[in-house]
Structures are given as structure tokens and as C-alpha cells.
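Understanding the architecture of this molecule
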Amino acid sequence: MSKTKLIIIFIVLAAALIAPYLIGLWMSDPDYVFGGFLINPKDGNSYLAKMEIGWQGEWKFRLPYTLDPGEGAYLFLFYIFLGHLARITALPNLLVFHIARLLSAVFLVYTLMRLFKHTLKDQSSAQYTLALILALFGSGLGWISALFGGITSDFWVAEAYPFLSMYTNPHFPLGLGLLLIYFDRLISGERGKNTPLIMLLGLIVAVIQPFVLVIGAVVSTIYILWEGYENRQLKLLPAIYFIAGGGVFLLYQYWVILTDPVLSIWNAQNITSAPPLWDVLVSVSPALIGSVLEIGYLIKFKQLGKYKLFVIWLIAGIVLLYFPFNLQRRFLLGYFVPCAFLAAAAVFRVAEEKIKLRKNLGAMLILLSVITNIFVLLGGINGTSNHLPLLEIHADEEKAFEWMTDHRSEAGPILASELTGMYIPARTGWRVVYGHPFETIHAQQRLTEIEAIFDGTMSTEDIGGYIQQHRLRYIFWGPREKMNCLDNPFIDLEIAYQNQTVTIYHTGVGR
């Protein structure tokens, strides 16, 4: 690939990853503040809440979105580390988050280029270019479903696609990049060298993205067994070192989640089931169609071992996805990478001697695969321009959050509505009654309770009893809380803070 093409790819990718967020900031006006996330803001704010733990000098993760956070454990250390980094550098958590996201994106691009170059060293640079562009910018045909009002996985399962991973958070691209580094060592001649580094790689992977370790272990074990069958020489040590490095931390996570009464409830409701099979097929096509064609050609010409790493990943990914497990969807991480690689190979096989046909097929493949991501970018920009509550914060809420941040020593728990509760731990470090469907213990029950409080269906007497029962020290009464509640049930309480549209009441509990 020429330097000019590479520079163009980098510029376009950087613009796509940065510009929508800058537009979100630019769209902010005196009444609204951009929340900092354009896709999956609930999880985005939960990452900031974890960073807040580090910012406060702690290393143990304690659930920030629930009344009883428990004793805590050493989980989510990557985001807690970023919080420490924010405190040390005196930078806002949100800024550190996005700097980490962009640096992780650079790392993923580097590792993707390296793996593809190693695998395609005997192929034309044009095939490498097509595979790289498709992997970096592509997704599925969900845009067709969107035209008729449907939403498929390629709009929101960010971990499956390099572009959406880089667009959403830092740990998806960083975890995928580390997996690609491991796979690159497998197919190169370096697999037996630097055993401590392979073990360290496994440990870092387990800390940042535990499911990457499982994907890496399954794919690499099958790869080594296949290669051992071909060469009559079995070399399982790289997989053993990788698994051993991260396995200790995974065992710790498993043990602490099972034995901690709070974390065990969190784990039980932390369910990310696999999408329906038809949804997955649509969401990785047309690249998947090309991949199946390429595998057919490889079988026909007895060359299946040529791209065995990607063939194994493609098949094992689907098997893992539907393995009976609460967190099935996490096994989709990076799944579009083998789809893109094999689809590019199919284009060059079908039009091997026909350059014009090859260019046309490649262009069509890319065009059909990038439309969904264009929809995603435009959707985020449209959301900020229309001040969607999930994406933006009212300016008076932000002022109240600043007061809460300055009064961390008096921190909650505080009663707030669902969306305000999503923001409070991320922006202030205060705990809330409800704020996240997984990280709030007894989430559905708590959601039902706060909805009854803020839609006016719970009596004032029952609200008072609820406040006493859960020892709630403060009430947040802002634009979101007032939306469905005609009368203010807290008007007789002491005012701790007030601005034009937000009042924070002190309940008198805990004094």
C-alpha cells in the first residue's frame, strides 16, 4: 500500500472517530451540555463512574449505582487506573477516557495492519488494502433493516466491529488489539520466544477484557492442533502460557463474584444474550457471504490451511456466541475481523485475472459495508442537535453536579430519576438508588420504585417511609424528575442546593 493511501485512510478514520464528538460539543448551548457519549451512554457513564473510583484514590471496585455497594473487589482495574491517571494529571475523567479511546484506536490499527501483512505477505498489496479498509470501516447490512424501522446488531454491538469499538470506548479496541498481537505471534516465527511476555500479555488481556482471553485460548488451541496435525509436531506451549497468564486473574474474578453477596446478585442480572442468528447473519454480511465463498474455494482447492487462523476464528466465534452462558454476546468481540479478511480474499479469488471486475467488486463490498456506520455517525450528530436526554445534560443539572462534586464528603445516597441516576455516579461519585440496568442491585425493583416516586403514583407518606427505610440523605429534583410529577412531594424538606431548575433537598436522615 502506498503512503498516500495509508495517510488518506488514517485521516478519514481519525475524522470519523473524532468529528462527531466535537460536533456534540459544538452543539452544546447555554441550556444543554454534551454528555460525552454518542453510542450506549448507559455503559459509557458506568465507565466514568469506575474512573471516579480511581480518581478518589481507590483500587477496589464497589458498585456505584446501588444503595449497598458491598465490600468491593479488584475488578475493572483498567478504568480505575484511568481514574488515577486523571487525578494525577488533573484532567477531567471524560477527557482522559477519550484520549485513551483514541490511543487504543491507534494501537488497534497498528496491530490489524501487522497481522494482515504477516498473513498476506505472499499476496498483492491490493488485497491487503481491501482487507484493511473493510476491517477498519465496515460492518453489516443493518442499514437495510433500519430503512424499515428495524435495528440490528451492527448498530449497537460495538465490540464486534473495529470501527464501532474505536468509536465507543477504549477497552474494546485495546482488548482486540492485544488479541491480534497474540494471533500475530502465532502465525509468525516468534511464538516460542519471550515466554514471560506471552504470559504477561494473557494477564493484561484478562484485566482489560476477560472474554478476549477465552477467544484467544479457543482459537489458538485449535490453530496449534491443526498445525500440529499438518506438521506432525504439536507445540501447545504458547496457548498454555497465554491461558496461564490470564487464568489466575479470571479465577480470582470468578471466585470473588461467587462469594461476594452483592457482586453475585450483580452477576446474576448481568445478562448479555446473543442476538438471534438471523440478526447476526445480517449484521456481518456481505462480508460473511464473501467469507463463506472463500472457505468453499479453499476447501475445493485443498488450501483450507492457508488462512486457517481466520477460518477457525470465523467458525469458533459463532459456536462461542451460542454457547449456553449469560454473557454470550461478549464472544462477538472482533468477529468482523475474520469476516473482512476472508471476504477480501474472496474478491481477489473470484476476479483473480480481471482487475476491473476486482475493483468493482471491492468497491461494492466496501460501499455496502460502510452505510450502517454512516447511519451511526449521523444518528449521534442528530441526537445531540435534538438534545436527546440520553446524550445531553441540562446546564442546571451540570451546575448541580458541580456542587455535588465539591461536597463529595457528604455524598449520598441520593434519590433521583432513572436518567439523572445514570449521570450522577459518573459526574460526581455519589451513589444513587437506581442508575444502571446491571450495576444496580435488584435493578428492576429499584426502577419500579423510583418510577412510582417520580410519576406521582406513590403517596407522600410512602415516599417518606421509603426515604427512612433506605437511609436516603438527599433528593435530586430537576427537569427529568419534574417531567411526570405534577406536584413536588419534597417541597417541605430542607434545601441543600438550588439553582433555576434544580433543587437538591436534604432529608434530615443521617445527621
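All values reported here derive from a predicted model rather than from experimental measurement.

Considerations on the environment of Glu230
- On the secondary structure map, Glu230 appears in helix H10 (residues 210-231).
- Residue classification places Glu230 among the partly exposed residues on the basis of a relative accessible area of 39%.
- Along the chain, Glu230 and Gly305 lie 75 residues apart, while their C-alpha atoms are 8.8 Å from each other.
- Dropping the residues within four chain positions of it, Glu230 is found in contact with Gly305 and Lys308.

Some remarks on the sheet that holds strand S4 (residues 474-477)
- Across the sheet, four strands lie side by side as S3-S4-S6-S5; this open sheet has mixed pairing. Because the sheet does not close on itself, it has two edges, and the strands there are strand S3 (414-415) and strand S5 (494-498).
- Here two bridges tie S3 to S4, and the two strands are oriented parallel to one another. Following the sheet pairing, Ile414 is matched in S4 by Tyr474.
- Along the sheet, helix H18 (residues 395-406) contacts S3, S4, S5 and strand S6 (503-506); its crossing angle with S4, the most-contacted strand, is approximately 160°.

Remarks on the pairing of S4
- Residues Tyr474 and Phe476 point to one face of S4 and Ile475 and Trp477 to the other, with burial holding for every one of them.
- Here S4 pairs with S6 via four bridges, running antiparallel. Across the sheet, residue Tyr474 finds its bridge partner in S6, namely His506.

What counts and how
- Residues numbered from 1 in each chain as written.
- Predicted model: local features only at pLDDT ≥ 70, side-chain atom pairs only at ≥ 80, totals over all residues.
- Heavy atoms only, no water.
- Helix = DSSP H or I, 4+ residues; strand = E, 2+ residues; numbered from the N terminus.
- Buried < 20%, exposed > 50% of the residue type's maximum accessible area, 1.4 Å probe, protein only.
- Contact = heavy atoms within 4.5 Å.
- Pairing = 2+ DSSP bridges.
- Axes fitted to C-alpha atoms, helices over the stretch in contact; angles between N-to-C directions.

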